[in-house]
Amino acid sequence: MLEKTFQHGALEEEHYKKWENSASFAAKPESNNAPYAVMMPPPNVTGSLHMGHALNMTLQDILTRYKRMKGFDALWQPGTDHAGIATQMVVERQLDEKGTSRRDLGREEFLNKVWEWKEESGGTIVRQLRRLGATPDWDRERFTMDDGLSAAVRKVFVQLYKEGLIYRDKRLVNWDPKLLTAISDLEVEQRENKGSMWHIDYPIEGEQAQTIRIATTRPETMFGDTAIAVHPDDERYKHLVGKYAMIPIANRLIPIIADEHSDPEKGSGAVKITPAHDFNDFEVGKRHDLPMVNVFDIHAHMNENAPDGYQGMDRYAARKKILEELENLDLLADEESVVNSMPYGDRSGVVIEPYLTDQWYVDAQTMAKPAIAAVKEDKIKFVPKTWENTYFAWMENIQPWCISRQLWWGHRIPAWYGPDNDVFVGADEADALAQAREKYGEDVELRQDEDVLDTWFSSALWPFSTIGWPDETPELKKYYPGDVLITGFDIIFFWVARMIMMGMHFMDDIPFDTVYIHALVRDSKGQKMSKSKGNVIDPLELIEKYGTDALRFTLTAMAAQGRDIKLSEERVEGYRNFGTKLWNAARYCEMNNCMPQPGFDPSSVSYTPNKWIITELARTEQAIEQALDSYKFNDAAQAIYQFVWGSFCDWYLEFTKPVLSEEGDKADEIRQTTGWLLSQIVTLLNPFMPYITEELSEKLFEEQGNGAEGFVFQQQWPEYAESLQDQDATDEMGWVMQFISEIRSVRSDMNVPAGAKLSLIVKDSAAQTQERLNLYEEIISRMARLQSIEIKEDAAPAGAIQTVVGEATLILPIADIIDLDKERARLEKEIEKLSSDIKKIDQKLGNKKFLDNAPDEIVNEQHTRKSNAEKLRDKLSAALKQLEVA
């Protein structure tokens, strides 16, 4: 017997252990089954499960389970990313607590400590993915720094270097002066700060008392100025182009140039150009062949290029001193308050510096061309398609990719330097030494580059390095290219685009044919979750409270394409109740001996409600399949939800309940149909809610010998013949449900007490309606709470409410059941409130300021609220009119 309730806590762990121990998640490259491959975006080894992971992994797991059941040889490739900066910071903090540092330990000993940490603590995220019910092929789990992937990284670097697509260059990077490394754009977060804009006068050479005024938020970089730019069409400055201005304090001359970078409408129209400390200025500097003067060291302290009195000063201390000196020189014209968007390191928390330094780069522009073509030619499709625009915007304006990082943890760059600093790139040191011997004619000592590769470099190889490349493995042959990548919009450029570039270059093929971009999970108010706001929802806490199935189904049901998810605990609780509804229905089936019977043929049923529910099941399966195949996860969840809660529980079980107390062929057919339906529900629902369906299958079907053996996800996905769909049965039972629903609606609108039984008069009914009323009188009376049904053509009695179903008029005398005057007053009050609400919404939607500032989803929400309020008001108004007549 099933327990009274589904106890998710202990049962989830129990079932997952059984699944994993049975090796049921394994791909089978030796099989002849068609492949289906999904590459898990590798979470950081330092990470723990957040709501974005929960959504992403749930959707991948649904597809993998579904495809397994459809007969595919499914590979869901798991693994974790070494997360260079994040992991190094974790271990450095631990060392700091012990009063030591990585510098004290040295590189080799420090890396040993990191590996120790990885082995002891780096498995948190994969344990948590198991809590989510994820079923990747864990035996194939990879790590971006395991031996195989490291070999792939070295081969790719060496080959790209030999092809001229990796090179060393001096360019601007995002420099973190606390972590002392270049970082990617993704690791930079923009924060708005209150600051100042200072207006500074630069004296013009040879022009007594004449100056040119510039405005800057960063006076501390002025010693790195190498030009002042004005717009070529700006009449105010045409006479100054070609002349020189003097940098205050430094007393160094710089040219005044004409460049369209300068905006005549902004500030004075003249801007200082500091190519070594501003990304836009760097491009101006290249166009005009300007010197690149770096005035900071790696700690963002003033270096030897600053005047003597400033060298060694912190950038902000230098700013203060510069402003004081400008004031004394009478060259500080003005200071205005502004709000600046400042770049901060997301891990260090300090302001990032655009910094001119030698780094390794990939010629991304060249490598992007085949990747752009792959999407333009529809070899790769983005879902939703609108994300292709983002992809093209980035790829068609791509800059060289800085791939070196000044860290110790990561893939060390396979480049060695000779005595004259010539570089030798090779698969290993022996390869580099051989190259050096050939050049110098003798053995020389080489030193390896200290830097490591950007984490995104190794993860860009994920679709093929994880399955054996550069070796020709059976897995590589079968599972590349893969099928779908599911990921978030924020890494379309950093990861998705680079995987496409690397796949096209090294495999001469796309890595996957579909990129599904999932929504952002927000809080219930639509706000982005953040620790600072205190609105972060922990998926593990929701799992503890409501169960994994409830969380998975909530995220799936809300995963509409292109629409962010507004998540609340109430939503999760609601879908937990869905599981409870199914559990109670299963207990009802068990108590009434409605279990699957061997040899049951759904095409053999004769009872119309049975024909109808089988039709609904077949159509539900089609809807789920079509939705999953087109990545409309919410539609798939809605289809199975509506069938289970609505068609099966609320209608079918209620239709057939009285018959089960009888004996005979009809009761037997209902029992067999009900048991078979339950087994089909368990199968169809399993990809979404794996734990409750597994428990039902085990307790009801396996242990009692009522169904297929093995886990649910090992069973075949149901396929139903078109001949099972009976439109006549659908029409007939659809009429019954509409008839009952209309009476229930009247009861609700008129506040008829739930226990009160009404008399029903049916007028103007056709022969078919009368036949159906006769056939289903017991069902209609019981479910609509009627004491009698009469077919009459008399006028409606006083105090009666009328409604229409098809051609027939339904008359419900209610004067003796409710207080008509009191009910009129209640309806008038509700209608008045709804009219007031609609007026307020109209005022809001007529407010230009609101429309200009509110996000589209908030505006759409207001339109929806108004529409729903108007519909309800119209419905209640119609009910009030009837009461007035009554």
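Basis of the calculations
- Numbering of residues begins from 1 in every chain and follows the order in which that chain's sequence is written.
- This being a predicted model, a pLDDT of at least 70 is required before a residue's local features are given, and a value of 80 or more before pairs of side-chain atoms are given or counted; all residues contribute to the totals for chains, interfaces and linings.
- With hydrogens and water set aside, each side-chain value is computed from the structure's full complement of heavy atoms.
- Secondary structure elements are taken from DSSP: a helix is a run of H or I of four residues or more, a strand is a run of E of two residues or more, and numbering for both begins at the N terminus.
- Partly exposed residues are those whose accessible area sits between 20% and 50% of the maximum for their type, while under 20% is buried and over 50% is exposed, using a 1.4 Å probe and protein chains only.
- It only takes one pair of heavy atoms within 4.5 Å for two residues to be counted as in contact.
- Expected span, for any helix, means 1.5 Å times one less than how many residues it has.
- The pairing criterion is simple: DSSP has to find at least two bridges between the two strands.
- Every axis corresponds to a line fitted to the C-alpha atoms, with the helix fit spanning only the stretch in contact, and the corresponding angles, defined between N-to-C directions, vary from 0 to 180 degrees.
- Reported domain spans reflect what an automatic or database domain assignment gives.
- Whenever Lys or Arg places a side-chain nitrogen within 4 Å of a carboxyl oxygen from Asp or Glu, that contact is recorded as a salt bridge.
- Throughout, nonpolar core names a set of buried Ala, Val, Leu, Ile, Met, Phe, Trp, Tyr and Cys residues whose side chains join them through atoms within 4.5 Å.
- Any two of the Phe, Tyr and Trp rings considered here, Trp counted by its six-membered ring, make a pair once their centres fall within 6.5 Å; the pair's planes then place it as stacked at under 30 degrees, edge-to-face at over 60, or tilted in between.
- Criterion for a charge above a ring: Arg CZ or Lys NZ at most 6 Å from the ring centre, at most 35 degrees from the ring normal.
- Polar contacts, as counted here, are pairs of nitrogen or oxygen atoms within 3.5 Å of one another; within protein the pair requires one atom able to donate a hydrogen and one able to accept it, and residues that are adjacent in sequence qualify only if both atoms are side-chain atoms.

**Some thoughts on the overall build of the chain**
Part 1 of the reasoning: Counting its regular elements, the chain contains 29 helices and 29 strands.
Part 2 of the reasoning: Viewed in the frame of its principal axes, the chain has a C-alpha envelope of about 110 × 65 × 55 Å.
Part 3 of the reasoning: With 886 residues in all, the chain has 54% of them scored as buried.
Part 4 of the reasoning: In the chain, the proportion of contacts linking residues at least 24 apart, taken out of those at least 6 apart, comes to 77%.

**Overview of helix H27 (residues 820-845)**
Part 1 of the reasoning: Its 26 residues place the ends of H27 37 Å apart at the C-alpha level, agreeing with the 38 Å of an ideal helix rising 1.5 Å per residue.
Part 2 of the reasoning: For H27, the set of buried residues is Leu820, Glu823, Arg824, Leu827, Ile831, Leu834, Ile838, Ile841 and Leu845.

**With respect to the sheet that holds strand S12 (residues 270-273)**
Part 1 of the reasoning: Within the open sheet, the 4 strands sit side by side as S10-S11-S9-S12. Their pairing is mixed. Where the open sheet ends on each side, the last strands, each with one partner, are strand S10 (244-247) and S12. Between one strand and the next, the sheet's axes are offset by a mean angle of 35°, whatever the strand orientation.
Part 2 of the reasoning: Pairing of S10 with strand S11 (residues 252-258) involves 4 bridges; the strand directions are antiparallel. Bridge pairing links Met246 to Leu253 in S11.

**Some thoughts on the domain arrangement of the chain**
Part 1 of the reasoning: Under the domain assignment used here, the chain contains domain 1 (181-354) and domain 2 (543-725).
Part 2 of the reasoning: Summarising the inter-unit geometry, the C-alpha centres of domain 1 and domain 2 are found 67 Å apart.

**What about the side chain of Arg671?**
Part 1 of the reasoning: By secondary structure assignment, the location of Arg671 is in helix H22 (residues 665-685).
Part 2 of the reasoning: Judged by relative accessible area, Arg671 falls into the buried class, the value being 15%.

**Re the sheet that holds strand S13 (residues 332-345)**
Part 1 of the reasoning: Taken together, the 3 strands give an open sheet; going across it, the order is S8-S7-S13, and neighbouring strands pair in antiparallel fashion. At either margin of the open sheet sits one strand with a lone partner, and together these are strand S8 (211-216) and S13. Here the strands of the sheet are splayed against their neighbours by 20° on average, with no regard to which way each runs.
Part 2 of the reasoning: Where strand S7 (residues 188-203) and S8 come together, 6 bridges link them in antiparallel fashion. By the bridge assignment, Tyr202 is partnered in S8 with Ile212.

**A few points about unusual backbone geometry**
A negative phi angle is the norm for most residues apart from glycine, just as the trans form is the norm for most peptide bonds.
Part 1 of the reasoning: Residues Val383 and Pro384 are joined by a peptide bond in cis, for which omega reads -5°.
Part 2 of the reasoning: Mapped onto the elements of the fold, Pro384 is located in the loop between strand S15 (381-383) and helix H11 (387-395).
Part 3 of the reasoning: Residue Pro481 is bonded to the preceding Tyr480 through a cis peptide linkage, with omega at 0°.
Part 4 of the reasoning: Inspection of the secondary structure puts Pro481 in the loop between helix H15 (474-479) and strand S22 (484-488).
Part 5 of the reasoning: Although it is not a glycine, Ala23 adopts a positive phi angle of roughly 60°.

**Some words on the pattern of salt bridges**
Part 1 of the reasoning: This structure, assessed with the given rule, holds 53 salt bridges.
Part 2 of the reasoning: In this structure, Glu861 engages Lys566 in a salt bridge whose closest nitrogen and oxygen atoms are separated by 2.7 Å. Linking Glu861 in helix H29 (residues 856-885) with Lys566 in strand S25 (residues 565-566), this pair joins segments that are 295 residues apart in sequence.
Part 3 of the reasoning: Judged by its relative accessible area of 35%, Glu861 is partly exposed.
Part 4 of the reasoning: Across the pair Asp837 and Lys833 runs a salt bridge whose closest N-O atoms are separated by 3.2 Å. Taken together, the residues Asp837 and Lys833, both in helix H27 and 4 residues apart, mark about one turn of the helix.
Part 5 of the reasoning: When its relative accessible area of 54% is taken as the criterion, Lys833 is described as exposed.
Part 6 of the reasoning: A single network of salt bridges, built from pairs that share partners, joins Glu14, Lys18, Glu695, Glu698 and Lys699.

**Quick look at the nonpolar core**
Part 1 of the reasoning: Ranked by size, the top nonpolar core spans 147 residues in total, and within it Phe553, Leu567, Phe648, Phe655, Phe739 and Ile780 carry the most contacts.
Part 2 of the reasoning: For this core, the element with the most residues is helix H21 (residues 633-656), which contributes 14 residues.
Part 3 of the reasoning: When sequence neighbours within four positions are dropped, the list of residues in contact with Phe648 reads Ala585, Cys589, Ile613, Phe643, Leu653, Thr674, Leu677 and Ile681.
Part 4 of the reasoning: Membership of the second largest hydrophobic core comes to 64 residues, among which are Ala368, Ala371, Phe464 and Ala497.

**With respect to the packing of aromatic side chains**
Part 1 of the reasoning: Taken as a whole and judged by the stated rule, the model has 47 aromatic pairs.
Part 2 of the reasoning: Aromatic side chains Trp456 and Phe494 sit 6.1 Å apart centroid to centroid with 35° between the ring planes, which places their arrangement in the tilted category. Placement of the pair is Trp456 in helix H13 (residues 455-459) and Phe494 in helix H16 (residues 492-506), with a sequence separation of 38 residues. Taken as a pair, Trp456 and Phe494 share a single burial class, namely buried.
Part 3 of the reasoning: Between Trp676 and Tyr720 the ring centres are 5.9 Å apart and the planes differ by 75°, which places this aromatic pair in the edge-to-face class. You can see Trp676 sitting in helix H22 and its partner Tyr720 sitting in the loop between helix H23 (690-702) and helix H24 (727-749), a full 44 residues away along the chain.
Part 4 of the reasoning: On the basis of relative accessibility, which here comes to 11%, the residue Trp676 falls in the buried class.
Part 5 of the reasoning: Ring-pair connections join several aromatic residues into one group, and the members of that group are Tyr16, Trp19, Phe25, Tyr691, Phe711 and Phe713.
Part 6 of the reasoning: Just above the ring of Tyr361 sits the side chain of Arg171; from NZ or CZ to the centre is 5.8 Å.

**A few points about the pairing of strand S9 (residues 227-230)**
Part 1 of the reasoning: Of the two faces of S9, both are covered, the one formed by Ala227 and Ala229 as well as the one formed by Ile228 and Val230.
Part 2 of the reasoning: Strand direction decides the pairing type here: S9 and S12, joined by 4 bridges, are antiparallel. Across the sheet, residue Val230 finds its bridge partner in S12, namely Ala270.
Part 3 of the reasoning: Sheet topology note: the S9/S11 ladder contains 3 bridges and is parallel. Paired with Ile228 across the bridge in S11 is Ile256.

**Comments concerning the environment of Val605**
Part 1 of the reasoning: Relative to the assigned elements, Val605 resides in the loop between helix H19 (569-591) and helix H20 (608-629).
Part 2 of the reasoning: Excluding residues that lie within four positions of it along the chain, Val605 makes contacts with Phe600, Asn610, Lys611, Ile614, Glu669 and Thr673.

**Looking at the environment of Ile565**
Part 1 of the reasoning: In this fold, Ile565 is placed in strand S25.
Part 2 of the reasoning: Overall, the relative accessible area of 0% leaves Ile565 in the buried class.
Part 3 of the reasoning: With 39 residues separating them along the chain, Ile565 and Gly526 place their C-alpha atoms 7.7 Å apart.
Part 4 of the reasoning: When residues no more than four places from it in sequence are discounted, the contact partners of Ile565 are Leu55, Ala519, Leu520, Val521, Arg522, Leu555, Met558 and Ala559.

**Concerning helix H3 (residues 84-97)**
Part 1 of the reasoning: The first and last C-alpha atoms of H3 sit 20 Å apart over 14 residues, in line with the 20 Å expected at 1.5 Å per residue.
Part 2 of the reasoning: Within H3 the residues assigned to the buried category are Gly84, Ile85, Ala86, Thr87, Gln88, Met89, Val90, Val91 and Leu95.
Part 3 of the reasoning: Buried residues in H3 make contact with helix H4 (102-105), helix H5 (107-121), strand S6 (181-183) and H13.
Part 4 of the reasoning: Of the residues trailing H3, Gly99 is marked for its positive phi of about 80°.

**Quick notes on the environment of Tyr16**
Part 1 of the reasoning: Positionally, Tyr16 belongs in helix H1 (residues 8-21).
Part 2 of the reasoning: Look at Tyr16 and you get buried, because its relative accessible area is 6%.
Part 3 of the reasoning: With 118 residues separating them in the primary sequence, Tyr16 and Ala134 have C-alpha atoms 9.1 Å apart.
Part 4 of the reasoning: Contacts of Tyr16, omitting those with residues within four sequence positions, involve Phe25, Arg130, Gly133, Ala134, Thr135, Trp138 and Tyr691.
Part 5 of the reasoning: Polar side-chain contacts of Tyr16 include one of 2.5 Å to the backbone oxygen of Ala134.

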